[in-house]
Amino acid sequence: MTDITIKIDGKEIQTQKDRFILEVARENGIDIPSLCYDPDLEKYGGCRLCIVEITNRGWTKIDTACSTRVADGMEINTKSEEIIKKRRAILQLLLDSHPNDCLTCQKAGACDLQKYAYEYDVKFRDHDGAKREKVYDLSSPYILKDNAKCILCGKCVQICGQIEERSILSFADRGYDAYIALDLGKDFAHSYCISCNRCVSICPVGALIDKRSLGKIRSFESEKKTVKCKVCEFGCNFEVHSKNGENIAVTAKKPSSGRPLCLKGRMMTELMFLDNPDTPYMKGAGEFVESDWLTVTGFKNIVKKIEKVDAKKGE
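As a starting point, this report considers the structure included with it. (Residues numbered from 1 in each chain as written. Predicted model: local features only at pLDDT ≥ 70, side-chain atom pairs only at ≥ 80, totals over all residues. Heavy atoms only, no water.)

## Side note on the nonpolar core
So, step 1. Formed by 44 residues in total, the largest nonpolar core has its most connected members in Leu113, Ile143, Leu169 and Leu208.
So, step 2. When contributions to this core are tallied by element, the ones reaching two or more residues are helix H2 (81-96), helix H3 (112-119), helix H4 (155-161), strand E9 (179-182), helix H5 (198-202), helix H6 (263-273) and helix H7 (293-296).
So, step 3. In terms of residues, this core owes the most to one element, H2, which gives five residues.
So, step 4. Those residues in contact with Leu113 that sit more than four places away from it in its chain are Leu35, Leu91, Leu94, Leu95, His98, Ile151, Pro204 and Val205.
So, step 5. Within the second largest apolar cluster, 19 residues are counted, among which are Ile21, Ile32, Val52 and Cys66. (Core = buried A, V, L, I, M, F, W, Y, C linked by side-chain atoms within 4.5 Å. Buried < 20%, exposed > 50% of the residue type's maximum accessible area, 1.4 Å probe, protein only. Helix = DSSP H or I, 4+ residues; strand = E, 2+ residues; numbered from the N terminus. Contact = heavy atoms within 4.5 Å.)

## Description of unusual backbone geometry
A negative phi angle characterises most non-glycine residues, just as the trans form characterises most peptide bonds.
So, step 1. Non-glycine residue Leu152 carries a positive phi angle of around 55°.
So, step 2. If you trace the backbone, Leu152 turns up in the loop between strand E7 (143-146) and H4.
So, step 3. Even without being a glycine, Asn197 presents a positive backbone phi close to 75°.
So, step 4. Counting through the fold element by element, Asn197 comes out in the loop between E9 and H5.

## Looking at the environment of Tyr44
So, step 1. Locating Tyr44 in the fold gives a position in the loop between helix H1 (21-27) and strand E3 (51-56).
So, step 2. By relative accessible area, which is 38% here, Tyr44 ends up partly exposed.
So, step 3. Residues Tyr44 and Gln158 lie 114 residues apart in sequence; the distance between their C-alpha atoms is 9.6 Å.

## Examining the pairing of strand E12 (residues 237-243)
So, step 1. Along E12, six of the seven residues are buried, which leaves the element largely enclosed by surrounding structure.
So, step 2. Note: strand E11 (residues 223-228) against E12, six bridges, orientation antiparallel. If you follow Val227 over to E12, its bridge partner there is Phe238.
So, step 3. By the bridge criterion, six bridges tie E12 to strand E13 (residues 246-252) in an arrangement that is antiparallel. Looking at E13, one finds that Ser242 is bridged to Asn247.
So, step 4. Counting the residues in the hairpin turn of E12 and E13 gives two residues, including Asn244, whose phi is positive at 55°. (Pairing = 2+ DSSP bridges.)

## Structural notes on the side chain of Lys155
So, step 1. Positionally, Lys155 belongs in helix H4.
So, step 2. It is Asp112 that comes nearest to the buried, bridge-free Lys155 among opposite-charge side chains, at 4.8 Å.
So, step 3. Lys155 has contacts with Leu35, Cys36, Tyr37, Asp38, Leu41, Ile202 and Pro204, leaving out every residue within four places of it along the chain. (Lys, Arg positive; Asp, Glu negative; His and termini not counted. Salt bridge = Lys/Arg side-chain N within 4 Å of Asp/Glu carboxyl O.)

## Here we look at H3
So, step 1. Restricting attention to buried positions, one finds in H3 the residues Leu113, Tyr116 and Ala117. Angularly, the buried residues of H3 cover 105° about the axis, an arc narrow enough to put them on a single face.
So, step 2. The inward-facing, buried residues of H3 abut H1 and H2.
So, step 3. Downstream of H3 by one or two residues, Asp121 has phi in the positive range, about 55°. (Arc of directions from axis to C-beta.)

## Considerations on a nonpolar patch on the surface
So, step 1. Where nonpolar side chains cluster on the molecular surface, the patch consists of Leu294, Phe299, Ile302 and Ile306 and spans about 330 Å² of accessible area.
So, step 2. Relative to the helices and strands, Ile306 resides in helix H8 (residues 300-314).
So, step 3. Using a relative accessible area of 44% as the deciding quantity, one classes Ile306 as partly exposed. (Patch = residues over 30% accessible without salt bridge, like charges linked within 9 Å, V, L, I, M, F, W, Y side chains within 5 Å. Areas by Shrake-Rupley, 256 points an atom, 1.4 Å probe, with all protein chains shown as cover.)

## Section: the packing of aromatic side chains
So, step 1. For the coordinates displayed, the defined rule picks out two aromatic pairs.
So, step 2. Between Tyr44 and Phe171, the aromatic rings sit 6.3 Å apart at their centres with planes inclined by 25°, giving stacked as the arrangement. Of this pair, Tyr44 sits in the loop between H1 and E3 while Phe171 is found in strand E8 (residues 169-172), placing the two residues 127 residues apart along the sequence.
So, step 3. Residue classification places Phe171 among the partly exposed positions, given a relative accessible area of 38%. (Phe/Tyr/Trp six-rings, centres within 6.5 Å; stacked < 30°, edge-to-face > 60°.)

## Comments concerning the state of the cysteines
So, step 1. Taken as a whole, this structure holds zero disulfides when the rule is applied.
So, step 2. There is no disulfide at Cys193, and the cysteine sulfur nearest it, in Cys199, is 6.2 Å away.
So, step 3. Note on Cys193: relative accessible area 12%, which makes it buried.
So, step 4. In this structure Cys229 is a free cysteine whose sulfur lies 6.0 Å from that of Cys262, the closest cysteine sulfur available.
So, step 5. Judged by its relative accessible area of 8%, Cys229 is buried. (Disulfide = S-S within 2.5 Å.)

## Observations concerning the pairing of E8
Walk down a regular strand and you will see the side chains alternate between the two sheet faces.
So, step 1. In this structure, E8 lies alongside E9, joined through four bridges in antiparallel fashion. Directly across from Ala172, in E9, lies its bridge partner Tyr179.
So, step 2. Once E8 ends, the chain turns through six residues before running back antiparallel as E9, passing Asp173 with a positive phi of about 65°.

This is the structure in structure tokens:
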């Protein structure tokens, strides 16, 4: 591809035509904040936090760095007074709709909204305006969904939709009443969701939480070790969370390179690495029912066969 020259915050950079500003900036050590961007997802530009000032061919405009492509001679300012002011306003609006429970939130220490609010010195404030309705989906033993914390970044919708036969999540309603809905319009128990936790692995806030680790340990408290699932050839990545020498929880890492994530792999990883794994569950008719480890791991039939073979040998 043709090499071009641009400037970001006065730094001259050689890059290729048609690349996105945010990607080029981060590759060159220039951080531009974003809540909806992910290199493995389609460019969305929904959160608007990555706005920058762009000067090219005599005109200047403000646009999103994640969805705007570079052009030769372009000059980009990521930290002007106007840009900082607008980012602070965006963050303030998000906080105005957000529950003020960071001290007890499972996502504390790993929440992008918390991180940027601190960085830009934006705080919760009392107001008489609307706040997102507190609607919780507690129907699943694997995923907790909290609509009040959702910032509508769309990451969960996109990553779920990357696997065609899933596509469980979507946007519903409009404007301030918009929310993330499930395929059958109810809850996880009544949906076709297979509890793979793709959505949880990419949520930047506490709107989607791994329920198996809820109340046990938070990201900043744990020692983490990445392990690969052994159930199939995809080899999905999981994190084992430990504290005081005890393996407490397993969480799914963001899928990449075509890795799909699945519940069976998650359960196998829990069984292999956790000191005291919780009771497993399987989905029944509109509800999750308590199960056993032989069933959820698929070992029940194998064990029966082994017992049958051993019985024959003992005859």
